[in-house]
Amino acid sequence: MGTGRVGDGGAAEAARRAAEAARRAAEEAARRAAEAARQAAAEAAKKAAEAAKKLAAQKKDVSTFEPAGAKNKLKLDGQGAPSTSLFTEDSKDAKVNCLDKAADFINKSSPELQGRSDLVFLKDSRAGAEGQSGHVVVRQGERVLDPSNGKSWDDMKSYLQGNSHYTEAGSIPGTTAAKVFGTEAGSPERAQALADANVSPELQQMMVADYPADVGSVPDAANVQPHETTIPGQAGPVSVEFSDTLEKDVKKEDGFVTVSINAETSVSASGSVEFKKAKVGVGASVEGSVEAGKSMTYEVKMTEADFEKLKRGEIAPPHPLNPETIPDGTSIKMEQSQFTGYGLDVGLSYHAVELGISGDVKSGKGMSIEVSRTGDKLSMTTGPTEFIENNGKVTLGAGPVSVSMGREDTLKEYKLRTAEFDLGNPEGQKAFEAFAKDGRMPEKEGPGVSNTLRFDKINYESTGGKVGIDVGPFSIETDGTTNTGDYLITHHPDGTKSLTSDITYGGDHPDITLEQKYDKDGKLVPGSEKFAMKFDTKDDNARELLVYSFTGDADKAKAAREHDKPITLNLTADDIEEMQRRSGIQAQNGGHMGINVLLTDYDGKPNDPLMAVRNMACSPAYNEYKLAQSYFGLFMDEGKKPLSGELVIG
């Protein structure tokens, strides 16, 4: 008999059999582990169900009738809802305890807020009935919120110091809790959700019910709960809180919300002002004492949609010195006094002196700043607090520059400075960052920076009819007019200046605003004049004729009959000359002078543009309707060709 030998083929076969045996052993081990987990979950569910059944049996002789009412109200006897567990809690029933409130918080939270939250279960060490059930709070990062009363603490240690009868038993992520509460209470699906989340049997079965009897409605987690958020360019999270009466504190109008924000701050190594805490609401203030350079309060006006995002924690509180936090359409107002103690104070003090308002750097006085964002453009205005708080506006456009108070007030003379930063341009971004550190607004235009203007609003009576204070020998004829008494002098970055005057003639005549530009030597720049004629007529026919004559749009003209918004006609010297040309042709062809009599002198020569506009506005024979009718005649005589000029409605 020959001697046998195991060759290479025998070794491979042995290895294959060993691998197969190992695989089967692993599968068996996994199966047994899964079965053990399933049995543990089922046993936990069974025990929880039995506990709930036992509790229900104890109450079988008690009437279960409850009047219909809001879910977030306590029973009239002052007692809270019965104890429940993660397995038995029905967040949709009419019984409210601490777990129910925690479930409401999670269910109403955005996915982002759920991801930052944990439900923390606390054992109660008190004797008697109180110790039979525990409590549930929500933790976001370090911060702790008790949905039962809406209060919050900096961390769990602070919370437990004030609630020493509690000890931490365990926690589950907010996203897990949302999935668990999305299943039916006491169902196999609930048991499976808990098993899938690897929630321990002890935590599944833990009964909680603590609910302070003096608590009112369930806090709306989607709207007003404290949370932590991040601010672009700033390291570390920022704690955000809301006033207890937020919805009453804010002002809502025309789709916008106006609200105050108080921020506790610090200054980074690079000199940037960073937020540590922020509280949203009128009269808001962060907890603890703060000193100059460590806290600032300001007013924000934002869309209702963005305000809801702020409440849900989807966006950070708008930071007046961080454009990335300012949503499109948002404006921020802030007094100079709020910058005391920061690096910006020196630069802002310079501007306060420049604008003649350096005497009162305190709340309600002195200088204020307004920052507003439209797309990538960030506009800034500094001026008297009274002007900023009263919604004063600087209007730059095709017509004359205008500055107006938001409402009638005693402020008659003041100075302003403006600048506009293009955040889409790296140079504009750098220019704003420079302001955010030193407080100096740019006074020259350049890449990413425009409208670097200074304005002087001067009362006519205080200058004796001549404007000559630091602006050159400007004057304007007022013969035959009732002047409003206001001049606006605009200082341009190239050293030139513009004079804007508002004139009203009363009655059924348009008000006029004119702007004239002067060179560095104080001489009028030829062709620089701009004119605005403001029609306030309520005559539907006049409004339709006016709009049709300057737009050629029949639908827009008919729509003008449906409202009483003012109609402003912006004209340049070239627009006036074109009107004079067409009125001259009309006079020759029609055999009558018409409006041409207002646009020419006694010799039939064209008046200068200023005189032509003045005549149209003040002629006793031409009210607003007669002017609109005359414009319509010129429009029709050239085959419905719209007259030259810009027409603005509203």
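Note that the structure is a prediction, hence the values are computed from the model and not measured. (Residues numbered from 1 in each chain as written. Predicted model: local features only at pLDDT ≥ 70, side-chain atom pairs only at ≥ 80, totals over all residues. Heavy atoms only, no water.)

Draft legend 1. Region of the structure containing the overall build of the chain. Tallying secondary structure elements over the chain gives 19 helices and 26 strands in all. A burial count over the chain gives 45% of its 650 residues as buried. On the chain, roughly 31900 Å² of surface is accessible, and the fraction owed to carbon and sulfur atoms is 49%. (Helix = DSSP H or I, 4+ residues; strand = E, 2+ residues; numbered from the N terminus. Buried < 20%, exposed > 50% of the residue type's maximum accessible area, 1.4 Å probe, protein only. Areas by Shrake-Rupley, 256 points an atom, 1.4 Å probe, with all protein chains shown as cover.)

Draft legend 2. Here's a closer look at helix 14 (residues 540-551). In a regular helix each residue adds 1.5 Å, so 12 residues correspond to 16 Å; helix 14 covers 17 Å between its end C-alpha atoms and thus fits that length. Of the positions making up helix 14, those classed as buried are Ala 542, Arg 543, Leu 545, Leu 546, Val 547, Tyr 548, Ser 549 and Phe 550. In this structure, the buried residues of helix 14 make contact with strand 24 (530-535), helix 15 (554-559), strand 25 (567-572), helix 16 (573-590), helix 19 (624-637) and strand 26 (646-649). Put simply, Asp 539 is the residue that caps the front of helix 14, since its side-chain oxygen is 2.9 Å from the backbone nitrogen of Asn 541. (Expected span 1.5 Å × (residues − 1). Contact = heavy atoms within 4.5 Å. Polar contact = N/O pair within 3.5 Å; in protein donor to acceptor, adjacent residues only side chain to side chain.)

Draft legend 3. Region of interest: unusual backbone geometry. Its identity as a non-glycine residue notwithstanding, Asn 198 has a phi of 60 degrees, on the positive side. The topology assignment puts Asn 198 in the loop between helix 6 (188-196) and helix 7 (201-205). For Asn 198, a relative accessible area of 69% corresponds to the exposed category.

Draft legend 4. Main features of the environment of Ile 369. With respect to the helices and strands, the residue Ile 369 is situated in strand 13 (residues 367-374). Residue class for Ile 369 comes out buried when judged on its relative accessible area of 4%.

Draft legend 5. Here's a closer look at the environment of Ala 102. Along the polypeptide, Ala 102 turns up in helix 2 (residues 98-108). Separated by 35 residues in sequence, Ala 102 and Val 137 place their C-alpha atoms 6.8 Å apart. Discounting residues that sit within four places of it in the chain, Ala 102 has contacts with Leu 119, Val 136 and Pro 147.

Draft legend 6. Local environment of the packing of helix 14 against helix 19. Contact geometry of helix 14 with helix 19 gives a least axis separation of 8 Å together with a crossing angle of 35 degrees. The element helix 14 and its partner helix 19 pack so that their crossing is left-handed. Taken together, the residues of helix 19 that come into contact with helix 14 (itself represented by Asn 541, Ala 542, Leu 545, Leu 546, Tyr 548, Ser 549 and Phe 550) are Tyr 625, Ala 628, Gln 629, Tyr 631, Phe 632 and Phe 635. Across the contact of helix 14 with helix 19, the residue classes break down as 10 nonpolar, three polar and no charged. (Axes fitted to C-alpha atoms, helices over the stretch in contact; angles between N-to-C directions. Left-handed = near helix turned anticlockwise from the far one by under 90°. Nonpolar A, V, L, I, M, F, W, Y, C, P; charged D, E, K, R; others polar.)

Draft legend 7. Expanded view of the pairing of strand 11 (residues 295-303). The pairing of strand 9 (residues 256-267) with strand 11 spans nine bridges and is classified as antiparallel. The residue bridging Val 259 from the neighbouring strand is Val 300, located in strand 11. Across three bridges, strand 11 lies against strand 12 (residues 331-335) in antiparallel orientation. From the neighbouring strand, Lys 301 faces strand 12, where its bridge partner is Ser 331. (Pairing = 2+ DSSP bridges.)

Draft legend 8. Spatial organisation of the packing of aromatic side chains. Overall, the coordinates contain eight aromatic pairs when judged by the stated rule. Pairwise contacts between aromatic rings join Trp 153, Tyr 159 and Tyr 166 into one cluster. Cation over ring: Lys 626 sits above Tyr 622, and NZ or CZ is 4.4 Å from the ring centre. (Phe/Tyr/Trp six-rings, centres within 6.5 Å; stacked < 30°, edge-to-face > 60°. Lys NZ or Arg CZ within 6 Å of the ring centre and 35° of its normal.)

Draft legend 9. How the structure looks around the sheet that holds strand 1 (residues 117-124). Here five strands make up an open sheet; going across it, the order is 4-3-2-1-5 and the pairing antiparallel. Only two strands of the sheet have a single partner each, and these edge strands are strand 4 (151-153) and strand 5 (166-173). Neighbouring strand axes in the sheet, compared pairwise and without regard to direction, differ in orientation by 30 degrees on average. In the sheet, strand 1 pairs with strand 5 via seven bridges, with the strands oriented antiparallel. Residue Asp 124 lies in a different strand from strand 5, and its bridge partner there is Tyr 166. Along the sheet face, helix 5 (residues 174-181) touches strand 1 and strand 5 and points at about 75 degrees away from the line of strand 5.

Draft legend 10. Just the side chain of Thr 84, in detail. With respect to the secondary-structure elements, Thr 84 resides in the loop between helix 1 (8-58) and helix 2. Owing to a relative accessible area of 12%, Thr 84 belongs among the buried residues under this scheme. Among residues more than four places away in sequence, those in contact with Thr 84 are Glu 89, Asn 97, Leu 99, Met 206, Met 207 and Val 208.

Draft legend 11. Up close: helix 2. Judged by how many residues are buried, helix 2 sits mostly within the fold: nine of 11 residues are covered. By the burial criterion, the buried members of helix 2 are Cys 98, Leu 99, Asp 100, Lys 101, Ala 102, Ala 103, Asp 104, Phe 105 and Ile 106.

Draft legend 12. Inspection of the pattern of salt bridges at higher detail. For the structure shown, the criterion picks out 15 salt bridges. A salt bridge links Arg 561 to Glu 544, with the shortest nitrogen-to-oxygen separation between them at 2.7 Å. Here Glu 544 lies in helix 14 and Arg 561 lies in the loop between helix 15 and strand 25, a separation of 17 residues in the sequence. A residue is classified by how much of its surface remains accessible, and Glu 544, at 23% relative accessible area, is partly exposed. Salt bridges linked by common partners bring Glu 578, Arg 581, Arg 582 and Glu 638 together as one network. (Salt bridge = Lys/Arg side-chain N within 4 Å of Asp/Glu carboxyl O.)

Draft legend 13. The arrangement of the nonpolar core in detail. Core analysis: the biggest nonpolar cluster contains 46 residues, and Val 280, Met 296, Phe 307, Phe 339 and Phe 421 have the highest contact counts within it. Ranked by size, the runner-up nonpolar core spans 35 residues in total, among them Ile 512, Phe 531, Ala 560 and Ala 617. (Core = buried A, V, L, I, M, F, W, Y, C linked by side-chain atoms within 4.5 Å.)

Draft legend 14. Representation of the pairing of strand 3 (residues 143-146). Neither face of strand 3 is open: one carries Arg 143 and Leu 145, the other Val 144 and Asp 146, and all of them are buried. Relative to strand 3, strand 2 (residues 135-140) runs antiparallel, the two being bridged by three bridges. The residue of strand 3 that forms the bridge with Arg 139 is Val 144. Adjacent in sequence and paired antiparallel, strand 2 and strand 3 are bridged by two residues, among which Gly 141 carries a positive phi angle near 65 degrees. Note: strand 3 against strand 4, three bridges, orientation antiparallel. Bridging from a neighbouring strand, Asp 146 pairs with Lys 151 of strand 4. In sequence, strand 3 turns back onto strand 4 through a hairpin of four residues, with Gly 150 there showing a positive phi of about 75 degrees.

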